[in-house]
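Chain and residue survey
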Number of protein chains: 2
Amino acid sequence: MSHIAPIDPPARLLMGPGPISAYPSVLRAMSSPLVGQYDPFMTAAMSETQDLYRRVWSTRNEQTFLVDGTSRAGIEAAITSLVRPGERVLVPVFGRFGHLLAEIAERAMAEVHRIEVEWGQVVPASKIEEAIVRVKPTLLALVQGDTSTTMNQPLDDIGEICRRHGVLFYSDATASLGGNAFEADAWGLDAATAGLQKCLGGPSGSSPITLSERATEVIRSRGRVEAGIREAGDTSAADFVRSNYFDLGMIMDYWGPRRLNHHTEATSMLYAARECASVLLTEGREKVIARHATAGAAMLAGVRGLGLTVFGDVAHKMNNVVAVEIPDGVAGDPARQAMLDDFGIEIGTSFGPLHGRVWRIGTMGYNARRDAVLTTLAALEQVLRRFGASVPTGGGVDAAIDTFREAAA
Amino acid sequence: MSHIAPIDPPARLLMGPGPISAYPSVLRAMSSPLVGQYDPFMTAAMSETQDLYRRVWSTRNEQTFLVDGTSRAGIEAAITSLVRPGERVLVPVFGRFGHLLAEIAERAMAEVHRIEVEWGQVVPASKIEEAIVRVKPTLLALVQGDTSTTMNQPLDDIGEICRRHGVLFYSDATASLGGNAFEADAWGLDAATAGLQKCLGGPSGSSPITLSERATEVIRSRGRVEAGIREAGDTSAADFVRSNYFDLGMIMDYWGPRRLNHHTEATSMLYAARECASVLLTEGREKVIARHATAGAAMLAGVRGLGLTVFGDVAHKMNNVVAVEIPDGVAGDPARQAMLDDFGIEIGTSFGPLHGRVWRIGTMGYNARRDAVLTTLAALEQVLRRFGASVPTGGGVDAAIDTFREAAA
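Rules used throughout
Residues numbered from 1 in each chain as written. Chains lettered and ligands numbered in written order. Predicted model: local features only at pLDDT ≥ 70, side-chain atom pairs only at ≥ 80, totals over all residues. Heavy atoms only, no water. Helix = DSSP H or I, 4+ residues; strand = E, 2+ residues; numbered from the N terminus. Rg over C-alpha atoms; globule rule 2.2 N^0.38 Å. Buried < 20%, exposed > 50% of the residue type's maximum accessible area, 1.4 Å probe, protein only. Contact = heavy atoms within 4.5 Å. Areas by Shrake-Rupley, 256 points an atom, 1.4 Å probe, with all protein chains shown as cover. Lys, Arg positive; Asp, Glu negative; His and termini not counted. Charge placed at Lys NZ, Arg CZ, Asp CG, Glu CD. Salt bridge = Lys/Arg side-chain N within 4 Å of Asp/Glu carboxyl O. Polar contact = N/O pair within 3.5 Å; in protein donor to acceptor, adjacent residues only side chain to side chain. UniProt positions renumbered as here; feature names shortened; annotations may be inferred. Pairing = 2+ DSSP bridges. Axes fitted to C-alpha atoms, helices over the stretch in contact; angles between N-to-C directions. Parallel < 35°, antiparallel > 145°, perpendicular 65-115°, else oblique. Left-handed = near helix turned anticlockwise from the far one by under 90°. Nonpolar A, V, L, I, M, F, W, Y, C, P; charged D, E, K, R; others polar. Phe/Tyr/Trp six-rings, centres within 6.5 Å; stacked < 30°, edge-to-face > 60°. Lys NZ or Arg CZ within 6 Å of the ring centre and 35° of its normal. Least-squares fit on C-alpha atoms with pLDDT ≥ 70 in both.

Focus on the overall build of chain A
- Check the secondary structure of chain A and you find 13 helices and 13 strands.
- Against the globule reference of 22 Å for 409 residues, chain A gives a C-alpha radius of gyration of 22 Å, in line with a compact fold.
- Dimensions along the principal axes, computed over C-alpha positions, put chain A at roughly 75 × 60 × 50 Å.
- The buried share among the 409 residues of chain A stands at 67%.
- In chain A, 71% of the contacts between residues at least 6 apart in sequence involve partners at least 24 apart.
- For chain A, the accessible surface area stands at approximately 13,200 Å², while carbon and sulfur atoms represent 51% of it.
- Each charge class in chain A was averaged separately, 39 positive and 47 negative side chains, and the resulting centres sit 0 Å apart.

Okay, here's the thing in structure tokens:
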């Protein structure tokens, strides 16, 4: 017999690149009682969640559901199910998560072709089309928002290019969905994946996905029902997906009318995902994106008001995160630690070439709020000064307040 | 703007083969606020959870952690990371989940050899050793508790056999862990996986795993750090794991002292997994197993007291689930539906050769309780009678009460 105290996390205002503080109603939803896997309430909640995410993605795709795992589970499910070993995948890389898509495609035994631009830039559509013509890929895998650089890759011209060249178009919108425009159908996406832990304001652990009819056909052509529940008439394709967990064909059969047993849906995460969509749609999708735009603009004005230099092509920045150069002479990690220890505020470090060079500050989901932005800037001013930077008194908060005032006018 | 009501599940007593009703404290833990991925509180909670699961598994394995996904995510991670394409895997099959292990190994491009026994039996150790000698597999993949048949495969002799023949020994204990004996070290396991949604009394969506040093060495020999976070000195093995999400080498680097970024740990599910272990260890592991043994024995006596015939080799039944033959003339699915509609109690249907032939009734986790057993038997008596079966009045509850009384004596 031993006593283990209940989990009791410290007060945190999560203003990094994600995960961020969840909406309170999302946390409450997760403490709802469980029901059985095929309880009519459960299957209805699954179907309702599919409907809600069709509205989040702006799609009429029948195949819109959740993959049970973190956002990279959705990425791997999409790539592994859409690409056969040996097929070509084109990955434009403009930050860490482009490398991740390429990595996942390599592990799926695809022939991966990368095109790269400098971190802090997005990839011009012309450069993507040129590479498509050269590489003739089966799939274009393109990150929308890459938190490693804060860039928001324009997608609106890409679907038409892919369609013209007979290429499947997949985008990972983990970092961007809900805080920036995303139009799955209007932009011609064949597949898109996300996570809850950024602008959707939930915990990591469930990955929304949507698939076009074209993508669904590819997946269906590789269909295989697993041994143990296979019935007469179920055949197995020779080029079946080399994963059971990520075989989207079987996951579709579980979410669809056949309700064929696959995994046991993660009930509490389903409740969370449903509530994330509910918060977004109840406030209004466009209003939530506008709230992210305003909070992001205020944070951008605020860090500039504190005299900080912003990294990257600001015209293509995501609404929900900004990268700022750590001022000369300021010790980056100890200063971040002081934000956490003295104010309970988390801001983010960076990966790869930006590590030690920039901090990343997020304004997303529940924390795309005026008080969260102003509190962060007030604390950052104090910390910067105590770490030896020369900072305009009140410069951050004043600039942010002006931005919020203009947005409200 | 639209109104979407908060999730509001109906009252359910989940007495099927799982998922089952979660412990209330596990539900509460999931509504705790989130913290950042590298917050000292988060990394400490991850390390603490590893310690707790070492005690749950009865192991000193350093590599004891969670895979973010449902229980089959843990299975796929174990098999995919331990077995190279073309290597031989031996899978003894005594129910649906043996077929699942074989299926997952086939998808991982292993050469899979099955040995099968009739559903309702377990596999004799001699038969396993004979097949090991014949097949010379790299890995033996053996389910401990298969809910499809309720059987609890004895594992205590198998580790020694595997060691003697140089075979890695992996077992999936999803259905059994926490409600039946499991001794990872004493039984010589190299890998074991589970889920929260059975005897551990939590929601589906997190898969505890433990790996011996021998298993860890195999995984390390296939190491590859993903592009985008790779550093000088990180090499990539030629036979790297053909999945990013399930590459246990990278997941170990994330849970271990290097804290190398992989997925973003599913914070709320971590809280849930931690609390599941906490409930078990606070009550006492042996006491919880004894509670499952008593509740299971009472349910067994109760269904027999109602005149029902029990399926399978009862001497090898798991503590936490019993399969009963549906009496002649009783419509199985409508009767189950009446249990749900009239009493809010869920009992389970069956898969494959048992579908339409048996119901499966669970007593696990929070619901391995006297009142849950007696209430289920009282309701089942009513339903059986209304569906035309001849049932001894009070026969189920009386027999179960006797069993509880004897256990308490």
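A short note on the interface of chain B and chain A
- Contacts between chain B and chain A engage 87 residues on the former and 87 residues on the latter.
- One can count 8 salt bridges joining chain B with chain A.
- As a salt-bridge pair, R12 of chain A and D39 of chain B come within 2.4 Å of each other at their nearest N and O atoms.
- Summed over the shared surface of chain B and chain A, the result is 34 residue pairs in polar contact (both at pLDDT 80 or more).
- Elements with a minimum of two residues in the side of chain B that touches chain A: α1 (24–30), α2 (40–57), α3 (71–82), α4 (96–107), α9 (267–283) and α11 (332–343) of chain B.
- By residue number, the principal contributor to the side of chain B that touches chain A is α9 of chain B, which donates 10 residues.

Re the UniProt feature "domain: Aminotransferase class V" (unreviewed entry) in chain A
- According to UniProt, the positions carrying the feature "domain: Aminotransferase class V" (unreviewed entry) are residues 42–332 of chain A.
- A helix fraction of 40% and a strand fraction of 15% characterise residues 42–332 of chain A, whose end C-alpha atoms lie 47 Å from each other.

So, unusual backbone geometry
- The omega torsion across G18 of chain A and P19 of chain A is 0°, close enough to zero to call that bond cis.
- With a phi angle near 50°, R259 of chain A is a residue other than glycine that sits in the positive phi range.
- Overall, the relative accessible area of 18% leaves R259 of chain A in the buried class.
- In this structure, K136 of chain B takes a positive phi of about 50° despite not being glycine.
- By secondary structure assignment, the location of K136 of chain B is in the loop between α5 (125–135) and β5 (139–143).
- With a relative accessible area of 57%, K136 of chain B lands in the exposed category.

Examining the sheet that holds strand β9 (residues 191–193) of chain A
Residue and element names in this part refer to chain A.
- Pairing is mixed in the open sheet, where 7 strands are placed in the order β2-β10-β9-β8-β5-β3-β4. This sheet does not close on itself; its edge strands, each paired only once, are β2 (63–67) and β4 (111–116). Here the strands of the sheet are splayed against their neighbours by 20° on average, with no regard to which way each runs.
- Inspection of the sheet shows β2 paired to strand β10 (residues 207–211) by 5 bridges, in the antiparallel sense. Bridge pairing in β10 links L66 to P208.
- Contacting β2, β9 and β10, helix α2 (residues 40–57) crosses the sheet at an angle of about 105° to β2.

Some points on the sheet that holds strand β3 (residues 88–93) of chain B
All names here are of chain B.
- Strands sit in the order β2-β10-β9-β8-β5-β3-β4 across an open sheet of 7 strands; the sheet is mixed. Whereas interior strands pair on both sides, the edge strands pair on one side only; in this sheet they are β2 (63–67) and β4 (111–116). Neighbour-to-neighbour, the strand axes of this sheet turn through a mean angle of 20°, independent of strand direction.
- Sheet strands touched by helix α7 (residues 213–221): β2, β8 (168–172) and β10 (207–211). Its angle to β10, the strand with the most contacts, is close to 95°.

Some remarks on the packing of α2 of chain B against α9 of chain B
Residues and elements named next belong to chain B.
- The interhelical angle for the contact between α2 and α9, taken along N-to-C directions, is 40°, at an axis separation of 9 Å. Accordingly, the angle class assigned to the pair α2 and α9 is oblique. Here the hand of the crossing between α2 and α9 comes out left-handed. Residues F41, M42, A45, M46, E48, T49, L52, Y53, R55 and V56 of α2 touch α9, and the partners they reach there are T267, L270, Y271, A273, R274, C276, A277, L280 and L281.
- Residues of the contact of α2 with α9, tallied by class, amount to 14 nonpolar, 2 polar and 3 charged.

Some details on the packing of aromatic side chains
- Taken as a whole and judged by the stated rule, the model has 15 aromatic pairs over all chains.
- Seen from their ring centres, Y245 of chain B and F246 of chain B are 5.4 Å apart, and the 75° between their planes marks the pair as edge-to-face.
- Taking relative accessible area as the criterion, Y245 of chain B reaches 2% and is therefore assigned buried.
- The lysine or arginine in question, R96 of chain A, covers the ring of F351 of chain A, its NZ or CZ lying 4.5 Å from the ring centre.

What about the side chain of D172 of chain B?
Residue and element names in this part refer to chain B.
- Examined against the element boundaries, D172 turns out to sit in strand β8.
- Despite its burial, D172 remains without a salt bridge, the nearest opposite charge being carried by K198 at 8.7 Å.
- Not counting chain neighbours up to four residues away, the residues in contact with D172 comprise I75, L101, L142, V143, Q144, G145, T193 and A194.

Re the relation of the copies chain B and chain A
- For the match of chain B to chain A, the screw axis carries a shift of 0.0 Å, the RMSD comes to 0.0 Å, and the turn is 180°. Such values leave the two copies arranged in the relation of a two-fold axis. When C-alpha positions in chain B are compared against the rotation axis, the closest is assigned to G69 of chain B, at 2.3 Å.
- In this assembly the copies share their binding face: 100% of the residues contributing to the interface of chain B also contribute to that of chain A.

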